Amino acid sequence: MRFSDSHHFRKMVAGCCMVAGPLFALAAFVVSPAFHSEAGAQMGAFAAHPDRLLIAALLSLAAVALMIGAALGLMHMLRERMVAYGHAGGGLALLGLVAWAAQFGMLMLAWQMVSDGVQPTDVAAWDGVVSATAVVIAVQLMTWLGAAGFVILAVGLLRARAVETWVAALVAIGVVAIVLA
């Protein structure tokens, strides 16, 4: 892998992150317990599958860490041409990834809450967290900004002719599909 060649090593790490990040996210979605819009049902699903919840949260955090490397790699690809797309898209993408990490931190909190079974206070606390305006704005809205950042990066890569059209389309479509899921 030529570890002493920093340019080659940086590209290899970014490429590995671009492949492994989405695979970890896919694994997390497969393992994750069902999601519900009602707090009681959600905590019940978490309590029924606490191990799956923990594994999904840990896989998701690993996916976020890998996607940070991928976003930095995409930004680096735009360092000479379409720099503004790289800066704007990369900044928004990183902001969204931090919001994703916060969401998965909330899942780890839920895992701890249901470790002794579902208590009424757990349901009330979960409902308060997921319904609070500040949390909804900070976590939900920021993930959409992150998706917009990856779309901007994809447009920049396409305009810079750094990737094929289908690759840029898959980057944009993939991240929007993940946020919708």
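This write-up is about the structure you can find in this document. Keep in mind it's a predicted model, so treat the numbers as computed, not measured.

What about the overall build of the protein chain?
- Each helix and strand in the protein chain was counted, giving seven helices and zero strands.
- Secondary structure elements in the protein chain, listed N-terminal to C-terminal, are α-α-α-α-α-α-α.
- Taken along the three principal axes of its C-alpha coordinates, the protein chain extends 55 × 35 × 25 Å.
- Counted over contacts in the protein chain with a minimum sequence separation of 6, partners at least 24 positions apart contribute 75%.
- Total accessible area on the protein chain stands at roughly 9,800 Å², and carbon and sulfur atoms take up 71% of it.

Points about the side chain of Thr 143
- The topology assignment puts Thr 143 in helix α6 (residues 133–159).
- A relative accessible area of 3% places Thr 143 in the buried class.
- Contacts of Thr 143, omitting those with residues within four sequence positions, involve Gly 96, Ala 99, Trp 100, Gln 103 and Val 179.

Regarding the packing of aromatic side chains
- Applying the stated criterion across every chain, the model contains three aromatic pairs.
- Considering the side-chain rings of Phe 46 and Trp 126, the 5.7 Å spacing of their centres and the 85° angle between planes classify their relative orientation as edge-to-face. Linking Phe 46 in helix α2 (residues 39–48) with Trp 126 in helix α5 (residues 120–131), this pair joins segments that are 80 residues apart in sequence. Each member of the pair, Phe 46 as well as Trp 126, carries the same accessibility label: buried.
- For the pair Trp 100 and Phe 104, a centre-to-centre distance of 5.6 Å together with 20° between the ring planes defines the contact as stacked.

Focus on the pattern of salt bridges
- A full pass over the atoms with the stated rule returns one salt bridge.
- Between Glu 80 and Arg 79 there is a salt bridge whose closest N-O contact spans 3.7 Å.

Remarks on the packing of α6 against helix α7 (residues 165–180)
- In contact at an axis separation of 8 Å, α6 and α7 are set at 175° when each is read in the N-to-C sense. With respect to α7, the axis of α6 lies roughly antiparallel. Here Thr 143, Trp 144, Ala 147, Phe 150, Val 151, Ala 154 and Leu 158 of α6 come into contact with α7, specifically with Thr 165, Ala 168, Val 171, Ala 172, Val 175, Val 176, Val 179 and Leu 180.
- Within the contact of α6 with α7, the residues separate by chemical class into 13 nonpolar, two polar and no charged.

Details of unusual backbone geometry
- Positive phi outside glycine occurs at Met 82, with the angle close to 60°.
- Relative to the helices and strands, Met 82 resides in the loop between α3 (50–77) and α4 (83–113).
- Despite not being glycine, Arg 161 shows a phi value in the positive range, around 60°.

Details of the layout of surface pockets
- Considering only enclosed or pocket space, the second largest pocket measures out at about 210 Å³ in volume.
- His 7, Arg 10, Lys 11, Ala 14, Gly 73, His 76, Met 77, Arg 79, Glu 80, Arg 81, Ala 160 and Ala 162 are the residues that line the second largest pocket.
- Taken together, the elements giving at least two residues each to the lining of the second largest pocket come down to α1 (6–31) and α3.
- Class assignment for the residues of the lining of the second largest pocket results in four nonpolar, three polar and five charged.

Quick look at the nonpolar core
- Of all hydrophobic cores here, the largest spans 34 residues; its most connected members are Met 43, Phe 46, Leu 97, Leu 107, Trp 126, Phe 150 and Leu 153.
- Only α2, α3, α4, α6 and α7 provide two or more residues apiece to this core.
- In terms of residues, this core owes the most to one element, α4, which gives eight residues.

Things to note about the side chain of Gln 42
- Along the chain, the position of Gln 42 falls in helix α2.
- Leaving out residues up to four positions away in the same chain, Gln 42 has contacts with Ala 34, Phe 35, His 36 and Trp 126.

Quick notes on a nonpolar patch on the surface
- A surface patch of nonpolar side chains, about 550 Å² in accessible area, is lined by Leu 95, Ile 137, Leu 141, Trp 144, Leu 145 and Leu 180.
- It is α6 that contributes the most residues to the nonpolar patch, four residues altogether.
- Note that Leu 145 resides in helix α6.
- Classification of Leu 145 as partly exposed rests on a relative accessible area of 31%.

Rules and cut-offs
Residues numbered from 1 in each chain as written. Predicted model: local features only at pLDDT ≥ 70, side-chain atom pairs only at ≥ 80, totals over all residues. Heavy atoms only, no water. Helix = DSSP H or I, 4+ residues; strand = E, 2+ residues; numbered from the N terminus. Contact = heavy atoms within 4.5 Å. Areas by Shrake-Rupley, 256 points an atom, 1.4 Å probe, with all protein chains shown as cover. Buried < 20%, exposed > 50% of the residue type's maximum accessible area, 1.4 Å probe, protein only. Phe/Tyr/Trp six-rings, centres within 6.5 Å; stacked < 30°, edge-to-face > 60°. Salt bridge = Lys/Arg side-chain N within 4 Å of Asp/Glu carboxyl O. Axes fitted to C-alpha atoms, helices over the stretch in contact; angles between N-to-C directions. Parallel < 35°, antiparallel > 145°, perpendicular 65-115°, else oblique. Nonpolar A, V, L, I, M, F, W, Y, C, P; charged D, E, K, R; others polar. 1 Å grid on protein atoms, 1.4 Å probe; cavity = no way out; pocket = protein on both sides within 12 Å on 5 of 7 lines; lining within 4 Å. Points joined across faces, edges and corners; volume = space filled by probe spheres on them. Core = buried A, V, L, I, M, F, W, Y, C linked by side-chain atoms within 4.5 Å. Patch = residues over 30% accessible without salt bridge, like charges linked within 9 Å, V, L, I, M, F, W, Y side chains within 5 Å.

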